[in-house]
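Each chain, letter by letter, is given below.
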Amino acid sequence: MQPQSHETRVDILKGLNDAQQRAVTTTDGPVLIVAGPGSGKTRVLTHRVAYLIEEHGVSPWHILAVTFTNKAARQMYDRLERLVGDDARKLTVGTFHATCVKILRRNAHLIGIDPRFTIYDDADQLEVVRRTLKDENLDPKHFAPRPILSRISAAKSRFIGPDEFAQQTGSYWEEVVARIYPRYRDVLRQNRALDFDDLLGEALRLFDEQPEVLERYQDFYRYTLVDEYQDTNHVQYRLVKALSEGRRNICVVGDPDQSIYGWRQADIRNILEFKRDYPDAVEIHLELNYRSTSSIVSAADNVIRANRQRIERELRTENDLGEKIRIHEAYDETQEASFVVNEIRRLVSSGEVRFQDCAIMYRTNAQSRALEEAFVRSELPYQIVGGTRFYDRREIKDAMSILRLIANPQDAISLMRVLSNTQLGKGIGARTLDLLNGWAALHERSLFDAIASAAGQSHLPPPEVNNRAANLLHAVHQTIQRLIDQSAQVQLSKLFDIAIEETGFAQQFRESGDPEMIERWENVLQLRGVLTGYDDLREDIALETFLEESTLVAGQDSMEDGENQVTLITLHAAKGLEFPVVFLIGAEEGILPHSRSMESENEVEEERRLFYVGITRAMNRLYISYAFRRAMFGQSDLSFRSRFIDSIPRDVIDAPTAETARSSGGTTRGPRSYGQQTATPPTPVSEVPDLKPGQRVFHSRFGDGTVLEVQERSGDQDVTVQFKRHGTKRLLASMANLIVD
DNA sequence: TTGGCACCACTTTTT
DNA sequence: GTGGTGCCAA
């Protein structure tokens, strides 16, 4: 046997524990694998696929594996390539969305959808809602677009269309949504666009309405594996169910404790009730953690146990105790960032770890700013994963909208963007656009058709624009048409060059000496660099392929492995990853748990799971930090450490400061020392203490409070105190008899 | 019609 | 500290 050839059965099972082996070899019928963090889930999944191929002679093209991110898919390919060789390439491994796009591109015409659809991302969707609100004469101040979109998306995630939605509105606000929803759908249809929810929903509709198509896919994908099953929504659940009907060779893997996408309509019941749908399902639990030290596992286990809505189970490890968990209070977010940076510098210079072993995790993207500044100042290498993504930058969006317009001129959102952000739209103002949009609505045609008509390129009566506008529109139409004509003939990067010249997009950068514009231009060039990667593809599919891939990238997908740099990442995006050293920052009430989640117990429990996910990313060292005061909206406010920290057992914490922490009325307060400031020495009660902003004080009548402001006043102090129960008071220090806490 | 300026509300998390 | 919106003057 050659060393390169496939591993034998024995090899496939070698090194796996009993539960893992069962998870790999139980291949007849439905299987539910509940896999705790670090329990070798990915290993089990890949080995299971290899086992199917090697031991059961299943053809790899009959296997469908659905992952949460493209990165996870790629990782799975790579591992399988090592296990089964070239056969790996015949597998279908991808995200739900990517898989559905493929299915729809082939079959959407069967359910009345143009397969050349554009995919609308979150920003596009919001724009459609905004415009629809405007058309309906609703004030976006009173009816915020974001919640409306979320509600529509929630409905779509449960396969509820506009008509059904209208039947079950429970409030005036929902009635407004019910008015917007059908119009939203019509705009997308008009623009030949599908949003993220449609990719799943229309695929499901295809299966519903075209049983023979479903049968074909059922026959094709005979074995289905779904990773991160706890994060699937109702439509995804039904897709999986439909595909695996009949053969029932379905294997789902997940962990209810790591369900963190409830807000995206992930339905935890999918995993909890799997056995109701498949009564004969075999349930296998992987609970032995191979990833983390036992200190970290103990912290994680205790944190998650505090959740009430949970299936009781235990996370175990045979690993050593390792380093204790460090909990650090910083003065503010700047100090917090320096603490992290200094600590990383210290660890790396001791030779113990490399930069790439370290990750910093936070609840909200905004928190990355202070970190980034600290990293730039310290000149340590770092990467921000996700966050303000490359494709979210203004200039990139503008450049992309040109490409999207070429791929789909019906896409009015992109067209509007091009008109308002490139020289092409110069001279075409609100009045003209109103006329064009009115014409489009009247004739039920697209905005592009309206322009064509105004340019005399249509048999329909043209919109009543003035001569000057008509001339401009004629030029616009010609330019776009010319670009469309070229798109199937030149390489993608070449097309891009032509497009940014002809639309005058490039011009604005070249003329400006502004350093900010130069930086933006460099980003545009970077985008061009990405495009050259598609130059080898056939000209007629390169553009479409690029647009599709760039829309469906997940935050994690942009992560660079192998570079020696620190990773900055949100807790959500960090799911599924592991790092030897993890800094979990911003462990404060209002951030983690997030203030928007604090009203509902369900949501606080989800926040706790998020905290749990963060902890369990760490292999050897875990730092948890919080700030005493934190700037939000540019203003600095006081913070209190997160209640979640209290669930971590003392004996795994290495933080002298944590010893002094105690609870008061549900909110836990931090210890006395603030970051690099030294602790205030205990003040004798009899003296009038020297007060400083930030100090915790006690007043005999008003109770606990915090000093906000101090004004010196001829030997006395005029202090403003924020009391916990009695609001803000101004007091004279000599009279108030404040006791420094 | 455009561009500049002032004001505003906002920031969860993402395929 | 940001980005989007609205008003005004040219």
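See above for the structure.
Calculation criteria
Residues numbered from 1 in each chain as written. Chains lettered and ligands numbered in written order. Predicted model: local features only at pLDDT ≥ 70, side-chain atom pairs only at ≥ 80, totals over all residues. Heavy atoms only, no water. Helix = DSSP H or I, 4+ residues; strand = E, 2+ residues; numbered from the N terminus. Buried < 20%, exposed > 50% of the residue type's maximum accessible area, 1.4 Å probe, protein only. Contact = heavy atoms within 4.5 Å. Areas by Shrake-Rupley, 256 points an atom, 1.4 Å probe, with all protein chains shown as cover. Near = heavy atom within 4 Å. Polar contact = N/O pair within 3.5 Å; in protein donor to acceptor, adjacent residues only side chain to side chain. Nonpolar A, V, L, I, M, F, W, Y, C, P; charged D, E, K, R; others polar. Expected span 1.5 Å × (residues − 1). Phe/Tyr/Trp six-rings, centres within 6.5 Å; stacked < 30°, edge-to-face > 60°. Lys NZ or Arg CZ within 6 Å of the ring centre and 35° of its normal. Axes fitted to C-alpha atoms, helices over the stretch in contact; angles between N-to-C directions. Parallel < 35°, antiparallel > 145°, perpendicular 65-115°, else oblique. Left-handed = near helix turned anticlockwise from the far one by under 90°. Pairing = 2+ DSSP bridges. 1 Å grid on protein atoms, 1.4 Å probe; cavity = no way out; pocket = protein on both sides within 12 Å on 5 of 7 lines; lining within 4 Å. Points joined across faces, edges and corners; volume = space filled by probe spheres on them. Disulfide = S-S within 2.5 Å. Right-handed = clockwise from strand over helix to strand, strands pointing away.

Q: Describe in detail the overall build of chain A, supporting the description with residues and values.
A: Looking only at helices and strands, chain A has 30 helices and 25 strands in total. By residue count, 55% of the 741 residues in chain A fall in the buried class. Counting contacts in chain A only where the partners sit at least 6 residues apart, residues at least 24 apart contribute 72% of the total. Counting only carbon and sulfur atoms, one obtains 46% of the accessible surface of chain A, whose full area is about 34,000 Å².

Q: Lay out the protein's contact with DNA strand B in plain terms, naming residues and giving numbers.
A: Neighbouring residues of DNA strand B: 25 residues in total, closest R363, N365, G427, A554 and F633. Looking at DNA strand B alone, sugar and phosphate atoms form 55% of those within 4 Å of the protein. At a separation of 3.0 Å, a phosphate oxygen of DNA strand B approaches a polar side-chain atom of T432. Of the residues belonging to the surface near DNA strand B, the class tally is seven nonpolar, 12 polar and six charged.

Q: Account for helix α3 (residues 41-56), with residues named and values stated.
A: For α3, with 16 residues, the first-to-last C-alpha span of 21 Å sits near the 22 Å given by 1.5 Å per residue. Buried residues of α3: K41, V44, L45, T46, H47, R48, V49, A50, Y51, L52 and I53, and no others.

Q: If you had to explain the packing of aromatic side chains to someone new, which residues and values would you point to?
A: Aromatic ring pairs are defined here through the distance separating the ring centres and the angle between the ring planes. Per the counting criterion, the structure on display carries 15 aromatic pairs. Site record: aromatic cluster; members linked through ring pairs are F207, Y217, F220 and Y221. R105 extends its terminal NZ or CZ atom over the ring of F117, reaching a point 4.0 Å from the ring centre. Here the basic side chain of K575 rests over the ring of F68, its NZ or CZ set 4.2 Å away from the ring centre.

Q: I'd like a rundown of the packing of helix α5 (residues 96-107) against helix α11 (residues 211-220), residues and numbers included.
A: Packed helices, taken two at a time, are described by their axes: the angle between them and the distance between them. In contact at an axis separation of 13 Å, α5 and α11 are set at 135° when each is read in the N-to-C sense. Classified by the angle between their axes, α5 and α11 sit oblique to one another. Both α5 and α11 take part in a crossing whose hand is right-handed. Across from I103, R106 and N107 in α5, the residues of α11 making contact are V213, R216 and Y217. Considered class by class, the residues forming the contact of α5 with α11 number three nonpolar, one polar and two charged.

Q: Before we move on, can you summarise the sheet that holds strand β14 (residues 566-570) with the specific residues and values?
A: The sheet built from six strands is open, its strands ordered β11-β16-β15-β12-β14-β13 with parallel pairing. The open sheet terminates on both sides in strands that have one partner only, identified here as β11 (326-330) and β13 (382-384). This sheet shows a mean twist of 20° between the axes of neighbouring strands, independent of strand direction. When strand β12 (residues 358-362) meets β14, the two strands line up parallel, connected through four bridges. Bridge assignment links A359 to a residue of β14, and that residue is T567. Set on the sheet, helix α17 (residues 368-378) makes contact with β12, β13 and β14; between it and β13 the angle comes to about 160°.

Q: For the side chain of T432, give the residues involved together with the corresponding values.
A: Structurally, T432 is set in helix α20 (residues 430-443). Since its relative accessible area comes to 10%, T432 is described here as buried. Dropping the residues within four chain positions of it, T432 is found in contact with V465, A469 and L473.

Q: Which residues make up empty space enclosed by the protein, and what values go with them?
A: In the structure shown here, the tally under the stated rule is four cavities of 30 Å³ or more. Of the pockets and cavities examined, the largest cavity occupies roughly 90 Å³. Sort the elements by how many residues they give to the lining of the largest cavity and α5 lands first, with four residues. Computed from the structure, the second largest cavity encloses a volume of approximately 50 Å³. Lining of the second largest cavity is provided by T27, G29, R48, L52, Y223, T224, L225, N249, I250 and C251. Residues of the lining of the second largest cavity, tallied by class, amount to five nonpolar, four polar and one charged.

Q: Talk me through the state of the cysteines; I want residue IDs and the actual numbers.
A: Applying the stated criterion across every chain yields a total of zero disulfides. Just so you know, C100 is unpaired, no disulfide at all, and the nearest cysteine sulfur is the one on C251, 19 Å from it. Classification of C100 as buried rests on a relative accessible area of 5%.

Q: Please give an account of the packing of helix α6 (residues 122-135) against helix α9 (residues 172-190) that cites residues and values.
A: α9 packs onto α6 with a crossing angle of 120° between their chain directions and a minimal axis gap of 9 Å. Relative to α9, α6 is oriented oblique. Remark: the crossing between α6 and α9 carries right-handed chirality. Taking contact as the criterion, the partners of Q125, V128, V129, T132, L133 and D135 in α6 are, on α9, I180, R183, Y184, V187 and L188. Considering only residue class, the contact of α6 with α9 consists of seven nonpolar, two polar and two charged.

Q: If you had to explain the pairing of strand β7 (residues 250-254) to someone new, which residues and values would you point to?
A: Every regular strand shows the same layout, with side chains that alternate between the two sheet faces. Where burial is concerned, most of β7 is hidden: five out of the five residues are buried. As judged from the three bridges shared by strand β6 (residues 223-226) and β7, these two strands associate in the parallel manner. Each residue of the ladder has a partner; that of L225, found in β7, is C251. Handedness of the β6-helix α12 (residues 234-244)-β7 crossover: right-handed.

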